[in-house]
Amino acid sequence: MAAAVELDGVNVTFGDFVAVRDANLVIEPGEFFSFLGPSGCGKTTLLRTISGFIEPTRGSVRIGGKDMKGIGPNRRPTALIFQNLALFPMMSVAENIGYGLRVRGVPRHERDEKVKNLLIQVALAEHGHKQVSELSGGQKQRVAIARALAVEPSVLLLDEPLSALDLKLRQHMRAELRAIQKRVGITFIYITHDQGEALTMSDRIAVMNAGVIEQVGNGRAVYAEPRTPFVASFVGENNGIRGRITSVANGEAVLDTPIGTLRGRNPVGLAAGQDALLFVRPEALRIGAGAGALFEGEALDVAYEGSVTHISMRVRTGQKLTVTLGGGAADALPQPGDTLQVGFEPRDGLVLAKAADA
Amino acid sequence: MSGGLPLIIGLPLVAAVLLVVLGALERRHSPAAGPGFFQRNGVAVGLYLALAVGFWAFFIIVLPQLAMVDMSFRPKLPPSQMGGPKDVFTLENYRYFLFGSTTSTASWNILHIKAFFLTIGVSILVTLLNFAISYPLAFHMAQSAPVARLRVLLLLLIIPYWVNEILRAFAFRVLLSSGGVVNKLLLGSGLTSEPIDFLAADVGLYMGLSYAYLLMMIFPLYNAIESLDKNQIEAARDLGAPWWHIHAFVVMPHAKPGIASGCTLVFMLCAGALAAPLVLGGPRTLWFTPIVYDRFYQAFNWPQGAAYALILLLTCIVFVLAVLRLFRLSLGEITR
Ligand SMILES: Nc1ncnc2c1ncn2[C@@H]1O[C@H](COP(=O)(O)OP(=O)(O)O)[C@@H](O)[C@H]1O
Ligand SMILES: [Mg+2]
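As the structure is a computational prediction, the values presented were derived from the model and not from experiment.

**Student:** Explain the overall build of chain A to me, please; I cannot follow it from the model alone.
**Tutor:** Within chain A one finds eight helices and 20 strands. Considering only C-alpha atoms, chain A reaches an extent of 75 × 45 × 35 Å along its principal axes. Split into buried and exposed, the 358 residues of chain A put 49% on the buried side. Here the analysis covers contacts within chain A between residues at least 6 apart in sequence; of these, 65% occur between residues at least 24 apart.

Structure below.
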């Protein structure tokens, strides 16, 4: 089976500004694929390129194996759910959902039948006659999904569809979107700046930064095995410490840093003498005057949250690090102002190349 | 005018009471009732506003029109006999519009009735033509033009209106007359062998009228279309809609109030236009407003002129309300 969507060297520029740079990607049929990145990194631009509103400046987009060059958004087998949903306010809920069918000249009774089914699917069976403005945020969301599914796209594109909802509804809709995707079995391409959303829903995630896809992989891979400093610090909390590699051996690298000599894994194969960053997750840092102590710092703030405690601390160079302790450590919590001895296991440290601009 | 004084004092009072009652009614029906008018503005300012608006509404708008209504039901009399025994209410002026002079042999006042329907009919045509010209332009300005081009377009639209209306009408005449620029070009290029009489064919009239009220159409349309979320157009496109479908079922329904307000304005202004029909109308074209004008200033028959003006006004109002009704719009909506 042909790939659902293939991006082949896609570049999108606005004047001199490169919004998407050299995107190469294969998205499989039936996959729930997310683009994750901070606001302004080019996610929407890439999605609009797939849906046909923007022609790539260079490179090509293939959908279902077919080159989409010159094919407008109205003739692509994709459906886009807009960031603000873009429901038609002058049409009823049922008319909204049936719009794509009406455009295609589907006869009335057939259309009504399909709309009825879709309304049931998104649990809005009683609301077909209502105006869009009478619905709640979550219901509008589901109308937008039904409207897009009505045209039976092979790829559904979603542009931060949950960002306008409150937290509780957002979490509920995550599960619901995932369930809908499983049920209809088509490819979902989902855009978000919220790593929690991307991690919980996606089969695979592409992490984007400043127009560049930095890493593609499943949730575990981008969280536990980041390949670039950006991915390491954007997906989940992380502490990054600068230094220079003094030696490498057995997949590990030893780093000379202002706060001491630190050791971590070397997954991208950096060589001795290179400037690098060592990343340690807050939950991987240990405190206490044991044998593993590598450097010390002053506790600034201790935030006890029950199951975990976040400690913000400052090391000698003035850099701030975060340490997260599990709930078991509650009796022996340090106080602000205390001097902390900090250490970590080399397998929890990750040495990555310093980005050119960092 | 007989009984003038009680009328002048009584009617503003009636109007003021009516306003207060309407306000109270509206407040009762609107769910979110804010603080009352006087609470919001203070008694002094509130009183001033009420009186000023009441005065303005009455003396500038209601009273002159009422005087016209009153006059239209009276016979034409020399000033000395006004208020005398002969000054009685009569339907003569309205009868005259339909049946003409009592001494004429024809059973209907064909000339005036024809001019009347021609005026209404041509005004409808010009309104439609105007809409057809303005809609694409307004859409482009509101949805797709870059800011720089929008500025240029707005200037190009507005600057010609600095030129006086009558001057503009004569300019069209110069352009379209038998020895005019257009005919010279046509003859010179060999497209025609005889000059075409555009003015007699009313081409000039249609052009002049369309152009005169173009802005009245473009700006309401522009405002209405501008408030449409671009994403809705894109959503429709993404769902497979061809361009005409998007305009017919997404853009126009959204812009309906603007369309209605533009069309209403252009239609009303067209039906009441004086300069363009006088200057540009063909010899066989008798517009209704010049007839009204003639009643006043050629025939010196003010009561009849008043009656004719009222017939035109009422017909236009009824027509516009009927059309609004047809499109399920309330009068309030077109002011948005
Ligand atoms: N039509 C456009 N013209 C010029 N710049 C644009 C245009 N659309 C997007 N951009 C720029 O491209 C960058 C990426 O935008 P976007 O794809 O919307 O980011 P995201 O969806 O990730 O927040 C932004 O810096 C934005 O300013
Ligand atoms: Mg975006």
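**Student:** I'm lost on the packing of helix H4 (residues 92-99) of chain B against helix H5 (residues 110-144) of chain B in this one. Help?
**Tutor:** All names here are of chain B. One way to put it is that H4 packs onto H5 with a least axis distance of 6 Å and a crossing angle of 85°. In terms of axis orientation, H4 runs roughly perpendicular to H5. Across the interface between the two elements, Tyr96, Phe97 and Leu98 from H4 touch His112, Ile113 and Phe116 from H5. Classifying every residue of the contact of H4 with H5 by side-chain character gives five nonpolar, one polar and no charged.

**Student:** Got a minute to help me understand the side chain of A:Ser92 in this structure?
**Tutor:** Along the polypeptide, A:Ser92 turns up in the loop between strand E6 (78-81) and helix H2 (93-103). If we skip the residues at most four places from it in the chain, A:Ser92 touches A:Gly128, A:His129, A:Lys130 and A:Gln131.

**Student:** Would you mind going over the sheet that holds strand E19 (residues 339-343) of chain A with me for this structure?
**Tutor:** Note: strands within a sheet are paired through backbone hydrogen bonds, in either parallel or antiparallel orientation. All names here are of chain A. Strand order across the open sheet formed by five strands is E15-E19-E16-E17-E18, with antiparallel pairing between neighbours. Of all strands in the sheet, those bounded by a partner on one side alone are strand E15 (286-287) and strand E18 (320-326). Pairing analysis gives seven bridges linking strand E16 (residues 295-304) to strand E17 (residues 308-315), with the strands arranged antiparallel. What sits directly across from Gly297, in E17, is Val315.

**Student:** Hey, could you run me through the domain arrangement of chain B in this one?
**Tutor:** By convention, interface size is frequently given as the accessible area that disappears when the constituent parts associate. Residues and elements named next belong to chain B. By the assigned domains, chain B splits into domain 1 (5-90) and domain 2 (110-334). Computed over C-alpha atoms only, the centres of domain 1 and domain 2 are separated by 33 Å. Residue-level contacts link eight residues of domain 1 with 11 residues of domain 2. A buried area of about 680 Å², summed over both sides, lies between domain 1 and domain 2, and 78% of it is on carbon and sulfur atoms. Ranking the residues of domain 1 by area buried against domain 2 places Met68, Met71 and Lys76 at the top, with a combined share of 64%.

Thresholds, definitions, all that
Residues numbered from 1 in each chain as written. Chains lettered and ligands numbered in written order. Predicted model: local features only at pLDDT ≥ 70, side-chain atom pairs only at ≥ 80, totals over all residues. Heavy atoms only, no water. Helix = DSSP H or I, 4+ residues; strand = E, 2+ residues; numbered from the N terminus. Buried < 20%, exposed > 50% of the residue type's maximum accessible area, 1.4 Å probe, protein only. Contact = heavy atoms within 4.5 Å. Axes fitted to C-alpha atoms, helices over the stretch in contact; angles between N-to-C directions. Parallel < 35°, antiparallel > 145°, perpendicular 65-115°, else oblique. Nonpolar A, V, L, I, M, F, W, Y, C, P; charged D, E, K, R; others polar. Pairing = 2+ DSSP bridges. Domains from an automatic or database assignment. Buried area = accessible area lost by both parts, 1.4 Å probe.

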